[in-house]
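Per-entry structural report
Listed below are the residues making up each chain.
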Amino acid sequence: MIKNLIVFGTRPEAIKMAPLVKEFQKHSEVFETRVCITAQHREMLDQVLSFFEITPDYDLDLMKPNQNLYGLTADIITELKPILEEFRPDYVYVHGDTTTTMSSSLAAFYSGAKVCHVEAGLRTFNMTSPFPEEMNRCVTGVISNIHFSPTETAKQNLIDENKNKDSILVTGNTVIDALQFSINKVNANNFVDEEIEQLKDIIRKEKRLILVTGHRRENHGEGFINICEALKEIATSNLDTQIVYPVHLNPNVQKPVYELLNEIDNIQLIPPLSYPAFVWLMNQSYLIITDSGGVQEEAPSIGKPVLVMRDTTERPEAVNSGTVILVGTDKDKIILETKRLLDDKDSYENMSKLHNPYGDGKACQRIVRYISKNGK
Ligand code: UD1
Ligand code: UDP
């Protein structure tokens, strides 16, 4: 038996690791697979676990209100020790670039397990953007024995850092596996989602829907104030649009957003949505404004234009294929690019073509096959 420990802690890691958990569980004759959640996020993580029907074997339950990087990093490493020592996994799987990712890969390295990095090789080449994620993924890359890269570009980044070619496998991004799982589950006859039913009451069919999300640490403070001012201007000068914004639970996001955007008729602020409801809402939208990594990857495969409120991206594929434009947190630029997409049909058509730069939904199968061949 090959012993696997899959560790994650935040909403996007859970979405992108859930299909891998499911795929390993299909092969229980070869693998003993356990799931450990740090619960760096709580409510937003539990939403994902419930949709994908995953019951963790270990729940570190670490989230604290308005937590800081120092304490969380230390807590994750310390709390993982007894689990690693008791279960003694052959492989530990981490995802992406969060504090959970970096800290668990370090703890796994201390334990002697082989570290597998899923979504490996993304780089902006700027240590302060996104902060601290660029550092997290670089450190995890140094620690990891096996790198599962979503794209050829990501693989090349790792080769440029002198990582051994044979330790890198291009798999596609597991987010596409998750997206397909979600669409299939929602389309199944007996699936009823209360949140989707509630959204149907919120959405005004006669208006063009602009979907907004945002949470990046480097945008806290002035960045979020600019973003909110831009959204207010867009809403009040385009009454044929409706902005729907599921607001991230980080208090540094909640405070400015609810203070500045609460009482505008065509802006609806709502709590974070469960994954299937969010996917449904993306499909209903005319355009998406976000600073999210995952949303940048999902949008091209459903053909929705995205304005990304960041100055850098580690995901150049969708920018190159024309679905994504970087607008930073510059108020005027956000307003200008939104107006262009609202008023200029050709620009809109060009940006809303379907692309699949991030995968075919079989990333997890490739990972499982690779580990199976690799053995203990
Ligand atoms: C984290 C990740 C970021 C990732 C993002 C996804 C780090 C440093 N940041 O940022 O890379 O893109 O998650 O959303 O790892 N909170 C709740 N309930 C929740 C989740 C968060 O109340 O379910 C609040 C808490 O007060 C918490 C705070 O948000 O302390 C911040 O959470 P944290 O995970 O530290 O940062 P995020 O901004 O969510
Ligand atoms: N998402 C969700 N509910 C929401 C907003 C986003 O399920 O209300 C999903 C979205 O589809 C994507 C992921 O959460 O898969 C992105 O998470 P987030 O933006 O928090 O993190 P990032 O991807 O930037 O790390």
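Please refer to the structure higher up on the page.
Now for a quick tour of the structure. Quantities reported herein were computed from a predicted structural model and do not represent experimental measurements.

1. As for helix α11 (residues 275–284)
Counting buried residues in α11 gives 8 out of 10 residues, a clear majority hidden from the surface. Within α11, burial applies to Y275, P276, A277, F278, V279, W280, L281 and M282.

2. Examining the nonpolar core
One finds F8, L20, Y93, Y275, L281 and I371 to be the most contacted residues of the largest nonpolar core, which totals 58 residues. Once residues lying within four places of it in the same chain are set aside, the contact partners of Y93 are N4, L5, I6, V7, M17, L20, F24, C116 and I371. The next biggest cluster of nonpolar side chains, apart from the first, holds 30 residues, and it includes L261, I264, M309 and L341.

3. With respect to the site of ligand 2
If you check the shell around ligand 2, you find 15 residues, and the closest are L273, S292, G293, G294 and E298. Residue S292 places a side-chain N or O atom 2.8 Å away from an oxygen atom belonging to ligand 2. One nitrogen or oxygen atom from the side chain of E298 is found 2.5 Å from an oxygen atom belonging to ligand 2. Alone, ligand 2 offers 540 Å² of accessible surface; in the complex the protein occludes 95% of this. Breaking the shell around ligand 2 down by element, the ones donating at least two residues are α1 (11–25), α11 and α12 (293–302). The leading source of residues in the shell around ligand 2 is α12, at 4 residues. Residue classes in the shell around ligand 2 are distributed as 8 nonpolar, 4 polar and 3 charged.

4. Quick word on the site of ligand 1
With respect to spatial proximity, 24 residues lie near ligand 1, and among them H41, E43, K64, N66 and E133 are the closest. A distance of 2.8 Å separates an oxygen atom of ligand 1 from a polar side-chain atom of Q40. At a separation of 3.1 Å, an oxygen atom of ligand 1 approaches a polar backbone atom of R42. Against a free-state accessible area of 750 Å², the protein chains account for coverage of 94% of ligand 1. For the shell around ligand 1, the class distribution of residues is 8 nonpolar, 10 polar and 6 charged.

5. Thoughts on the side chain of N157
In this fold, N157 is placed in helix α6 (residues 152–160). Within polar-contact distance, the side chain of N157 engages the backbone oxygen of G121 at 2.9 Å. Apart from the residues within four sequence positions on either side, N157 is in contact with G121, R123 and F125.

6. Quick word on the sheet that holds strand β3 (residues 58–59)
The strands making up a sheet associate through backbone hydrogen bonding, with each pair oriented either parallel or antiparallel. The strand order across the open sheet formed by 7 strands is β3-β2-β1-β4-β5-β6-β7, and the pairing between neighbours is parallel. Looking at strand neighbours, the two that pair on one side only are β3 and β7 (168–170), the edges of this open sheet. For strand β5 (residues 114–118) and strand β6 (residues 146–149), the ladder comprises 3 bridges, and the chain directions are parallel. Looking at the pairing, H117 lines up with H147 of β6. The strands that helix α5 (residues 133–143) touches are β4 (91–95), β5 and β6; relative to β5, the one it contacts most, it runs at about 140°.

7. A look at the pattern of salt bridges
Across all of its chains, the model carries 29 salt bridges by this definition. R315 is the salt-bridge partner of E119, the closest N and O atoms lying 3.5 Å from each other. One end of the pair, E119, is in the loop between β5 and α5; the other, R315, is in the loop between β12 (306–308) and α13 (316–320), with 196 residues separating them in the sequence. Pair check on accessibility: E119 and R315 agree, each one buried. In this structure, E133 and R216 form a salt bridge, with 3.3 Å as the shortest nitrogen-oxygen distance. One end of the pair, E133, is in helix α5; the other, R216, is in the loop between β8 (208–213) and α9 (222–237), and 83 residues separate them in sequence. The exposure class assigned to R216 is buried, which follows from its relative accessible area of 8%.

About the cut-offs
Think of each chain on its own: its residues are numbered from 1, step by step along the sequence as written. In the order they appear in the text, chains get letters beginning with A and ligands get numbers beginning with 1. Confidence filtering applies because this is a predicted model: local features only for residues at pLDDT of at least 70, side-chain atom pairs given and counted only at 80 or more, and all residues used for totals across whole chains, interfaces and linings. Where side-chain values are given, they derive from all heavy atoms of the structure, hydrogens and water being excluded. Classification of residues uses two cut-offs on accessible area relative to the type maximum, computed with a 1.4 Å probe and protein chains only: under 20% is buried, over 50% is exposed, and between them is partly exposed. Secondary structure elements follow DSSP: runs of H or I of four or more residues count as helices, runs of E of two or more count as strands, with numbering from the N terminus. Definition of nonpolar core: a set of buried residues of the types Ala, Val, Leu, Ile, Met, Phe, Trp, Tyr and Cys, connected through side-chain atoms within 4.5 Å. Throughout, a contact is declared for two residues whenever any of their heavy atoms are within 4.5 Å. Neighbouring residues are identified by heavy atoms, a residue being near a molecule or strand if any of them is within 4 Å of it. By the criterion applied in these results, polar contacts are pairs of N or O atoms within 3.5 Å in which, for protein atoms, one can donate a hydrogen and the other can accept it, and in which residues neighboring in sequence qualify only through two side-chain atoms. Every accessible area reported is derived by Shrake-Rupley at a probe size of 1.4 Å, with residue values counting cover from the shown protein chains alone. Throughout, the ten residues Ala, Val, Leu, Ile, Met, Phe, Trp, Tyr, Cys and Pro are labelled nonpolar, Asp, Glu, Lys and Arg are labelled charged, and all others, Gly among them, are labelled polar. At least two bridges found by DSSP between two strands are what make those strands a pair. Convention adopted: a line fitted to C-alpha atoms gives each axis, helices being fitted over their contacting stretch, and angles between N-to-C directions are expressed from 0 to 180 degrees. A side-chain nitrogen of Lys or Arg and a carboxyl oxygen of Asp or Glu constitute a salt bridge if their distance falls within 4 Å.

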